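# Structural overview
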Amino acid sequence: MALSVGLVSVATAAPIQLRMGPADTYPVTTDVPSDTALIPLKRQLNWLYVQAGEYHGWISVESLDALPENIKRLEPLQFLDHSDDNNPQFEVAATSETALTLGANFTLFDQAAVVRITRSTDTNDDWYSVEAGKRFPFAENGRWSWDGYLGVGIGKSSGGSTRWDDDGDDTTVPVLSATTDINWNIAYNVSIGGRVQVQQALSGNSANHGALALVWKIRF
């Protein structure tokens, strides 16, 4: 949605605080003089990412609105609302099953979609899975977030792996996966966290596998 926001000039004795991310819980990166012109670059909900001279940072719309008669909009600037929620987030997870997961979180038809590929790193246990599903955000603040995931896909084992077949035969099975993540946002677009996951084969020996994972996520 195109937004029309111009240069913002604030005349007040208190300095303007620019934050690392779009929430009050993010640390203040710098204070700039109150008469500094703020050039809005993008918007995320009620926060603006602005340029203030040589500095960049986030400032809340409410903090500007709380200063009546001191806000001036000059030369309207057209820009798009590039909310980070609309940008893809990529993840890498190392699991307790000696496996590696690569994934992507993105918005599809206004839904939080996820695609993941997991492959064993154990040369004596050759298997992989490809799946897609939906992410469910449960709670979030500036520093922490909690979300879940439910997806379906296929799993394949070979080379004597008994992951989905007790006899070690080469097999391909449909799988159902569920995970829950606790994420710590170390920057507004980078997080690290823990994951509890379970994967259930829907045919064959109907093997069920649970695991823990360490997850890194970055949003572009």
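Here the structure is shown first, and the text comes after it.
Computed from a prediction, not measured in an experiment: that's the story for all the values here.

## Thoughts on the sheet that holds strand E12 (residues 144-158)
Spatial strand order, E8-E9-E10-E11-E12-E13-E14-E15: eight strands in a closed barrel with antiparallel pairing. Neighbouring strand axes in the sheet, compared pairwise and without regard to direction, differ in orientation by 25° on average. In the sheet, strand E8 (residues 89-95) pairs with strand E15 (residues 208-219) via seven bridges, with the strands oriented antiparallel. Looking at E15, one finds that Ala-93 is bridged to Val-215.

## Quick word on unusual backbone geometry
With a phi angle near 55°, Thr-98 is a residue other than glycine that sits in the positive phi range. Residue placement: Thr-98 occurs in the loop between E8 and strand E9 (99-108).

## Things to note about the side chain of Asp-181
Inspection of the secondary structure puts Asp-181 in strand E13 (residues 171-187). At a separation of 3.0 Å, a polar atom in the side chain of Asp-181 contacts the side chain of Lys-217. Residues contacting Asp-181, with those up to four places away along its chain left out, are Arg-116, Ser-145, Trp-146, Asp-147, Gly-194, Arg-195 and Lys-217.

## A closer look at empty space enclosed by the protein
Evaluation of the coordinates by the stated rule reveals one cavity of 30 Å³ or more. Reported here for the largest cavity is a volume of approximately 120 Å³. As for the largest cavity, its lining consists of 14 residues, of which Thr-118, Glu-131, Ser-177, Gln-197 and Gln-199 are closest to the centre. For the lining of the largest cavity, the elements supplying multiple residues, two or more each, are strand E10 (111-120), strand E11 (126-140), E13 and strand E14 (190-201). In terms of residue count, the dominant contributor to the lining of the largest cavity is E14 (four residues). Looking at the lining of the largest cavity, its residues break down into two nonpolar, seven polar and five charged.

## Regarding the packing of aromatic side chains
For the coordinates displayed, the defined rule picks out three aromatic pairs. Taken together, a centroid distance of 5.2 Å and an interplanar angle of 50° make the contact between Tyr-49 and Trp-58 tilted. Stacked on the ring of Tyr-149, the Lys or Arg Arg-116 has its end atom at 4.1 Å from the ring centre. The positively charged end of Arg-163 is found above the aromatic ring belonging to Trp-127, 3.6 Å away from the centroid.

## Details of a nonpolar patch on the surface
On the surface, a nonpolar cluster with roughly 1,100 Å² of combined accessible area is contributed by Phe-136, Phe-138, Trp-144, Trp-146, Leu-150, Val-152, Leu-176, Ile-182, Trp-184, Ile-186 and Leu-202. When residues of the nonpolar patch are traced back to their parent elements, those giving at least two are E11, E12 and E13. Within the element layout of this structure, Trp-146 appears in strand E12. Assessed through its relative accessible area of 40%, Trp-146 is described here as partly exposed.

## Overview of the environment of Thr-171
Of note, Thr-171 is situated in strand E13. If sequence neighbours within four positions are ignored, Thr-171 has contacts with Gly-155, Lys-156, Ser-157, Trp-164 and Asp-165.

Here is what the cut-offs are and how they apply
Residues numbered from 1 in each chain as written. Predicted model: local features only at pLDDT ≥ 70, side-chain atom pairs only at ≥ 80, totals over all residues. Heavy atoms only, no water. Pairing = 2+ DSSP bridges. Helix = DSSP H or I, 4+ residues; strand = E, 2+ residues; numbered from the N terminus. Axes fitted to C-alpha atoms, helices over the stretch in contact; angles between N-to-C directions. Polar contact = N/O pair within 3.5 Å; in protein donor to acceptor, adjacent residues only side chain to side chain. Contact = heavy atoms within 4.5 Å. 1 Å grid on protein atoms, 1.4 Å probe; cavity = no way out; pocket = protein on both sides within 12 Å on 5 of 7 lines; lining within 4 Å. Points joined across faces, edges and corners; volume = space filled by probe spheres on them. Nonpolar A, V, L, I, M, F, W, Y, C, P; charged D, E, K, R; others polar. Phe/Tyr/Trp six-rings, centres within 6.5 Å; stacked < 30°, edge-to-face > 60°. Lys NZ or Arg CZ within 6 Å of the ring centre and 35° of its normal. Patch = residues over 30% accessible without salt bridge, like charges linked within 9 Å, V, L, I, M, F, W, Y side chains within 5 Å. Areas by Shrake-Rupley, 256 points an atom, 1.4 Å probe, with all protein chains shown as cover. Salt bridge = Lys/Arg side-chain N within 4 Å of Asp/Glu carboxyl O. Buried < 20%, exposed > 50% of the residue type's maximum accessible area, 1.4 Å probe, protein only.

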